[in-house]
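Single-letter residue listing:
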Amino acid sequence: MSKKDVRTLADISKIADVSPATISRVINNSGYVSQKTRQKVETIIKAHGFFPNKAARTLTKAKTLLVGLIIPNFDNPVYLEVLKGVNSAAIEKGYSVVLSESGENPENIKESMMHLASLQVDGIIVTQPEVHDLDITEYLTTFIRERIPIARLGNSNAVWQIDGVYADSFESGYLAGLHLAQLGYENIGILGMTVNQHVQKRMEGVRTSLVEKGISMKMVRQYDSDFTQAGGYRTAMELIESSKLPDAIIALNDVMALGVLMAAEERGIDVPRRLAVVGVDGIPEGLLVRPRLSTVILPTFEMGKQLFEMIFSRISGKYNGEAREQVFHSRMAPRESTIVSQHRKEFH
């Protein structure tokens, strides 16, 4: 039996050679099922991309007025801003948002998608930009078959009809680099790792703006750091302790930048006179620290609203065409963690 033919509990029961009642007990986690049988059934369900049709969707076409939102974690305020945008737009249309935290593990993302599907959400929004690159093609096939639209924070994907919303990553990196170059900085460190194409484009934007301003790449160093506050803190501490601290740091997200500010404060490093710090994202927390964080602001709230609008247009049947994509632009917000060039001369 092919994957596209597996649509009911009876289909799964035939493959597993157990009764439909047993399949139901496994799915609903009720009643006794031996561990061996449970594992067998769960393996078959995953292999065929099957999820239970609690609301008889294919027969009634009923709407649940629920949309699922998958985020990696609650640690990065960017995702909370996206959630606020999604929720704001959803409320206007009478929808509620079902939230799932997946972490970065592809297996967890699969489980989140299948869990939301089992709740019969009308659509799913994924904030992992590289979701189509994960080993989840059988699940995406199932969603398309069941007419559950998917949108994501990232590029669109024509093959899987995934609509995409994202900020111009090259532009955001370019603005961060340009800001420091215009202030006269040359000895610059870049914090981050190339974990996906959007981070890569941020990196390219930074380097392009610095080169255009005549800054030698020999003066620019990249330092690996995970995209957490702890990661930014650790990297900054290592640079301070090794006496390799540059004159300015561009953290490829604000959360890392906050970690850098924390390390500088602990070690008595004067920001911005000894060390200028720039972030990217524009999270609200950047306004709460002292000095306030200079950052490239991404319109994450508006992006969240647009993600819902795109998916709602498919849910409502107003749009059934090819995958769409909307790009948002960023803006530089200079604050007290950077400094004008004439003050900088006091230390050189």
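Our structure's up above, just so we're on the same page.
Here the structure is a predicted model, which means the values were calculated and not measured. (Residues numbered from 1 in each chain as written. Predicted model: local features only at pLDDT ≥ 70, side-chain atom pairs only at ≥ 80, totals over all residues. Heavy atoms only, no water.)

## Quick notes on the pattern of salt bridges
When their charged atoms lie close together, side chains carrying opposite charge are able to pair.
Moving on, step 1. Per the counting criterion, the structure on display carries nine salt bridges.
Moving on, step 2. For the salt bridge of Arg 314 with Asp 163, the shortest nitrogen-to-oxygen distance reads 2.7 Å. With Arg 314 in helix H12 (residues 300-315) and Asp 163 in strand S5 (residues 163-167), this residue pair connects regions lying 151 residues apart in the sequence.
Moving on, step 3. Because the salt bridges share partners, they merge into one network encompassing Asp 163, Arg 314 and Arg 324. (Salt bridge = Lys/Arg side-chain N within 4 Å of Asp/Glu carboxyl O. Helix = DSSP H or I, 4+ residues; strand = E, 2+ residues; numbered from the N terminus.)

## Notes on the packing of helix H10 (residues 229-241) against helix H11 (residues 254-266)
Moving on, step 1. At a minimum axis distance of 6 Å, the contact between H10 and H11 shows a crossing angle of 45 degrees. When the interaxial angle is binned, H10 and H11 end up oblique. Relative to H11, the crossing made by H10 is right-handed. For the pair H10 and H11, contact is made by Gln 229, Gly 232, Tyr 233, Ala 236, Met 237 and Ile 240 and by Val 255, Met 256, Leu 258, Gly 259, Val 260, Met 262, Ala 263 and Glu 266, respectively.
Moving on, step 2. For the contact of H10 with H11, the per-class residue count stands at ten nonpolar, three polar and one charged. (Axes fitted to C-alpha atoms, helices over the stretch in contact; angles between N-to-C directions. Parallel < 35°, antiparallel > 145°, perpendicular 65-115°, else oblique. Left-handed = near helix turned anticlockwise from the far one by under 90°. Contact = heavy atoms within 4.5 Å. Nonpolar A, V, L, I, M, F, W, Y, C, P; charged D, E, K, R; others polar.)

## Some thoughts on the nonpolar core
Moving on, step 1. One finds Ile 125, Leu 180, Tyr 185, Leu 252, Leu 275, Val 277 and Phe 308 to be the most contacted residues of the largest nonpolar core, which totals 69 residues.
Moving on, step 2. Examining the composition of this core, we find that eight residues originate from one element, H11, more than from any other.
Moving on, step 3. For Val 277, the residues in contact, after removing those within four places along its chain, are Ile 249, Ala 257, Val 260, Leu 261, Val 271, Leu 293, Ser 294, Ser 337 and Thr 338.
Moving on, step 4. Within the second largest apolar cluster, eleven residues are counted, among which are Ile 70, Ile 109, Ala 117 and Ile 124. (Core = buried A, V, L, I, M, F, W, Y, C linked by side-chain atoms within 4.5 Å. Buried < 20%, exposed > 50% of the residue type's maximum accessible area, 1.4 Å probe, protein only.)

## Here we look at the sheet that holds strand S9 (residues 276-281)
Sheets are built from strands that pair by backbone hydrogen bonding, the pairs being arranged parallel or antiparallel.
Moving on, step 1. Taken in spatial order, the six strands line up as S7-S6-S8-S9-S10-S12 in an open sheet, and their pairing is mixed. This sheet does not close on itself; its edge strands, each paired only once, are strand S7 (220-223) and strand S12 (331-333). For this sheet the average axis-to-axis angle between neighbouring strands, irrespective of direction, equals 20 degrees.
Moving on, step 2. With four bridges joining them, strand S6 (residues 188-191) and S7 adopt parallel strand pairing. Its bridge partner being in S7, Leu 191 is matched across the sheet by Tyr 223.
Moving on, step 3. Across the sheet, H11 touches S6, strand S8 (248-251), S9 and strand S10 (294-297), and the angle it forms with S9 is around 155 degrees. (Pairing = 2+ DSSP bridges.)

## Some details on the sheet that holds strand S1 (residues 66-71)
Moving on, step 1. Pairing is parallel in the open sheet, where six strands are placed in the order S2-S1-S3-S4-S5-S11. Each edge of the open sheet is held by one strand with a lone partner, namely strand S2 (96-101) and strand S11 (325-328). Ignoring strand direction, the axes of neighbouring strands in this sheet form an average angle of 15 degrees.
Moving on, step 2. Two elements, S1 and strand S3 (residues 123-126), share four bridges in a ladder whose sense is parallel. Looking at the pairing, Val 67 lines up with Gly 123 of S3.
Moving on, step 3. Along the sheet, helix H5 (residues 77-92) makes contact with S1, S2, S3 and strand S4 (150-153), crossing S2 at roughly 155 degrees.

## Points about the packing of aromatic side chains
Moving on, step 1. Tallying each qualifying case throughout the model produces four aromatic pairs.
Moving on, step 2. Both rings, one in Tyr 95 and one in Phe 308, keep their centres 5.8 Å apart while their planes meet at 65 degrees; by these two values the pair is edge-to-face. One end of the pair, Tyr 95, is in the loop between H5 and S2; the other, Phe 308, is in helix H12, and 213 residues separate them in sequence.
Moving on, step 3. Consider the rings of Tyr 95 and Phe 312, whose centres lie 5.9 Å apart with planes at 85 degrees: the pair is edge-to-face. Here Tyr 95, found in the loop between H5 and S2, pairs with Phe 312, found in helix H12; they are 217 residues apart in sequence, far enough to count as distant. Each member of the pair, Tyr 95 as well as Phe 312, carries the same accessibility label: buried.
Moving on, step 4. Above the face of the Tyr 319 ring, Arg 324 is positioned so that its terminal group lies 4.0 Å from the ring centre. (Phe/Tyr/Trp six-rings, centres within 6.5 Å; stacked < 30°, edge-to-face > 60°. Lys NZ or Arg CZ within 6 Å of the ring centre and 35° of its normal.)

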